[in-house]
Amino acid sequence: MDKLRIHGPCRLSGTLRASGAKNASLPALAACLLTGDEVVLRHVPRVRDIVTMSKLLGHLGVERDEDPSGADGEPGALRLRANGHGSAPDEAPYDLVKTMRAGVLTLGPLLARRGHAKVSLPGGCAIGVRPVDQHLAGLEAMGAEVDIDHGYIHASSTHLPDRRLQGARFRFATRTVTGTENLLMAAVLARGTSVLENCAQEPEVGDLATLLRSMGAHIDDDGHGTLTVEGRRSLHGAEHRVIPDRIEAGTYLVGAVMTRGDVTVVGTRPADLAPLLEKLAEIGAEITTEDGKHNGSIRVRHDGDIGARDLVTAPHPGFPTDLQAQYMALMTQASGAATISETVFENRFQHVPELGRMGADIRIVRANYAQVHGPSRLSGATVMATDLRASACLVLAGLAADGETVIDRIYHLDRGYEKMESKLQRLGVRVERLSS
Ligand code: EPZ
């Protein structure tokens with residue numbers, strides 16, 4: 001298992017380019033199942049979850065090709081064609097879905113285009129139980145027969161006229177990102193109109209809608225969580241560039257404040273990071289942005305005290321849960337006490353004991369409510385990553401800590417951060433990967 005060794009303390013300084021968003025790429029890859037034409041996706045990051053999803057699509061009969069990477073180091077386009085749906089298996093197996101819950105995103109498109117699907121229940125993970133009841137309730141509202149058997153979701157629309165899902169009005173009981181994405185991909189091929197209410201509004205959901213429209217889907221977004229979809233009989237191929245990864249960019253920008261540094265992220269969309277940038281400005285950081293659809297930039301500089309500010313995570317446009325652990329690492333360096341309330345997942349404080357081992361003073365006052373008392377002098381230690389964003393938090397702590405920090409199980413990091421060592425090295429960090 002690989003480890004990362006960081007020599008702290010250090011100061012992040014320099015410019016880096018954001019990779020494409022993992023959480024926009026995963027639904028985009030699944031969307032290729034909705035057509036027999038070629039779908040070309042650009043700016044897809046080469047991270048472990050993408051490799052897993054690509055393997056899963058191959059298992060489902062999707063032909064995949066990859067262009068060579070660009071001169072600027074951008075990964076080459078992925079070319080996908082799901083034309084074998086007649087003979088291809090329609091099962092998303094447990095051994096692939098268990099390592100990457102987003103495999104459940106094949107459920108909606110498989111059902112919509114083939115009329116049946118067998119997808120492993122994703123199961124829980126380190127941060128929570130993570131049920132998919134809303135995904136299934138929405139598909140049933142569209143007329144699907146859904147059964148759970150031996151850990152698999154069996155869904156079918158073959159009993160319906162034309163074997164097609166029926167457009168329906170459905171209101172999500174809780175805002176769910178992949179739930180919204182699954183139902184959106186089901187609705188675009190359904191017979192008639194679907195009105196999906198209380199949808200997730202994360203930028204990655206919007207990016208999927210953009211791709212689907214370019215494939216011929218009719219989707220209206222009222223901007224307040226309601227999506228209205230006029231189902232089509234078929235969709236055609238498209239080319240699409242996925243949006244930049246706001247969580248990756250946010251991670252490095254938090255590091256800039258934490259290390260009293262000066263970091264510019266280019267090839268990003270400042271509007272997607274508004275909740276974080278507002279919080280960093282409250283803390284006292286100096287922020288400069290240049291807007292752009294795909295090529296905006298954000299510069300964050302800070303020296304002197306870090307203000308302690310409370311945080312409550314929430315679905316977009318609230319502060320993203322995927323930056324909560326990174327923010328907690330920052331608050332260990334703040335002057336004073338800050339409370340952090342995690343409202344999206346029920347077990348997303350796994351990073352607390354590891355931060356404690358480095359010298360942080362954090363008390364979990366009650367479930368999902370932590371109090372951070374700073375500033376603490378962090379000392380380098382051997383720590384263990386438990387999930388993707390907790391591992392990013394430990395990297396940030398290692399940047400601020402005195403001495404060497406070795407982070408074990410960094411396969412978690414590899415799931416969602418592209419070329420992290422080289423990006424950190426370019427920002428002035430002494431870091432190396434220890435392969436064992
Ligand atoms: C997506 O997960 C992201 N993953 C997560 O990013 C992110 O943390 C999460 O959204 C919240 O923003 C991808 O997009 C691939 P949810 P998802 O369904 O869709 C409950 C990362 O670090 N819920 O929005 O699985 C659920 O238990 C990952 O990149 C139900 O109760 O999250 C949770 O408490 C981690 N029933 C809350 O909703 C359902 O049917 C939000 O979950 C679905 C969800």
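Calculation notes
- Residues numbered from 1 in each chain as written.
- Predicted model: local features only at pLDDT ≥ 70, side-chain atom pairs only at ≥ 80, totals over all residues.
- Heavy atoms only, no water.
- Axes fitted to C-alpha atoms, helices over the stretch in contact; angles between N-to-C directions.
- Helix = DSSP H or I, 4+ residues; strand = E, 2+ residues; numbered from the N terminus.
- Parallel < 35°, antiparallel > 145°, perpendicular 65-115°, else oblique.
- Contact = heavy atoms within 4.5 Å.
- Nonpolar A, V, L, I, M, F, W, Y, C, P; charged D, E, K, R; others polar.
- Buried < 20%, exposed > 50% of the residue type's maximum accessible area, 1.4 Å probe, protein only.
- Near = heavy atom within 4 Å.
- Polar contact = N/O pair within 3.5 Å; in protein donor to acceptor, adjacent residues only side chain to side chain.
- Areas by Shrake-Rupley, 256 points an atom, 1.4 Å probe, with all protein chains shown as cover.
- Domains from an automatic or database assignment.
- Buried area = accessible area lost by both parts, 1.4 Å probe.
- Salt bridge = Lys/Arg side-chain N within 4 Å of Asp/Glu carboxyl O.
- Pairing = 2+ DSSP bridges.

**Q** What is the right way to look at the packing of helix α4 (residues 107-114) against helix α6 (residues 177-187) in this model?
**A** Pairs of packed helices are described in terms of their axes, by the angle between the two and the distance that separates them. Running from N to C, α4 and α6 cross one another at 10 degrees; their axes reach a closest spacing of 7 Å. Taken together, the axes of α4 and α6 are roughly parallel relative to one another. The segment α4 lies against α6, with Leu 107, Gly 108, Pro 109 and Ala 112 engaging Asn 182, Met 185 and Ala 186. Taken together, the residues of the contact of α4 with α6 break down into five nonpolar, two polar and no charged.

**Q** Help me understand helix α1 (residues 22-31), please; the structure alone is not making it clear to me.
**A** Working note: α-helix, 3.6 residues per turn, so residues spaced by three or four point in the same direction. Among the 10 residues of α1, nine are classified as buried, and the element is accordingly described as predominantly covered. All of the buried residues along α1 are Lys 22, Ala 24, Ser 25, Leu 26, Pro 27, Ala 28, Leu 29, Ala 30 and Ala 31.

**Q** Is there a simple way to think about the site of the ligand in this case?
**A** If you check the shell around the ligand, you find 23 residues, and the closest are Gln 134, Thr 176, Thr 178, Asp 322 and Val 344. Taking Asn 23, its side chain carries an N or O atom lying 3.0 Å from an oxygen atom of the ligand. Notes on the ligand: free accessible area 830 Å², of which the protein chains cover 88%. Of all the elements in the fold, those that place two or more residues in the shell around the ligand are α1, α5 (133-141), α6 and α12 (388-400). Across the shell around the ligand, the residue classes tally to eight nonpolar, seven polar and eight charged. Counting contributing residues per domain, the shell around the ligand is built from domain 1 (3-19 + 244-434) and domain 2 (22-240), each supplying no fewer than three.

**Q** Would you mind going over the domain arrangement of the protein chain with me for this structure?
**A** How large an interface is tends to be reported as the accessible area lost when its parts come together. What the domain assignment reports for the protein chain is domain 1 (3-19 + 244-434) and domain 2 (22-240). With 26 residues of domain 1 at the interface, the matching set in domain 2 holds 22 residues. Carbon and sulfur atoms make up 50% of the surface buried where domain 1 meets domain 2, a total of about 2000 Å² over both sides. When the buried area of domain 1 at its contact with domain 2 is split by residue, His 316, Arg 415 and Glu 418 rank highest and sum to 31% of it. Linking domain 1 to domain 2 there are two salt bridges. Note that Arg 415 and Asp 49 form a salt bridge whose closest N and O atoms lie 2.8 Å from each other. At the junction of domain 1 and domain 2, the tally comes to 12 residue pairs in polar contact (both at pLDDT 80 or more). Sorting the residues of the side of domain 1 that touches domain 2 by element identifies α12 and α13 (411-414) as the ones contributing at least two each.

**Q** Sorry, what's going on with the sheet that holds strand β20 (residues 361-366) here?
**A** In sheet architecture, strand pairing relies on hydrogen bonds along the backbone and comes in two forms, parallel and antiparallel. In spatial order, the strands read β18-β19-β21-β20; together these four strands make up an open sheet with mixed pairing. In the strand order of this sheet, the two ends are held by β18 (311-312) and β20, each with one partner. Set on the sheet, helix α10 (residues 324-331) makes contact with β18, β19 (336-341), β20 and β21 (369-374); between it and β19 the angle comes to about 170 degrees.

**Q** Before we go on, may I ask you to explain the environment of Thr 106 in this structure?
**A** Relative to the helices and strands, Thr 106 is located in the loop between α3 (94-97) and α4. Linking Thr 106 and Ala 88, residues 18 residues apart in sequence, is a C-alpha distance of 14 Å. For Thr 106, the residues in contact, after removing those within four places along its chain, are Ala 30, Leu 33, Met 53, Leu 56, Leu 57, Leu 60, Ala 92 and Val 119.

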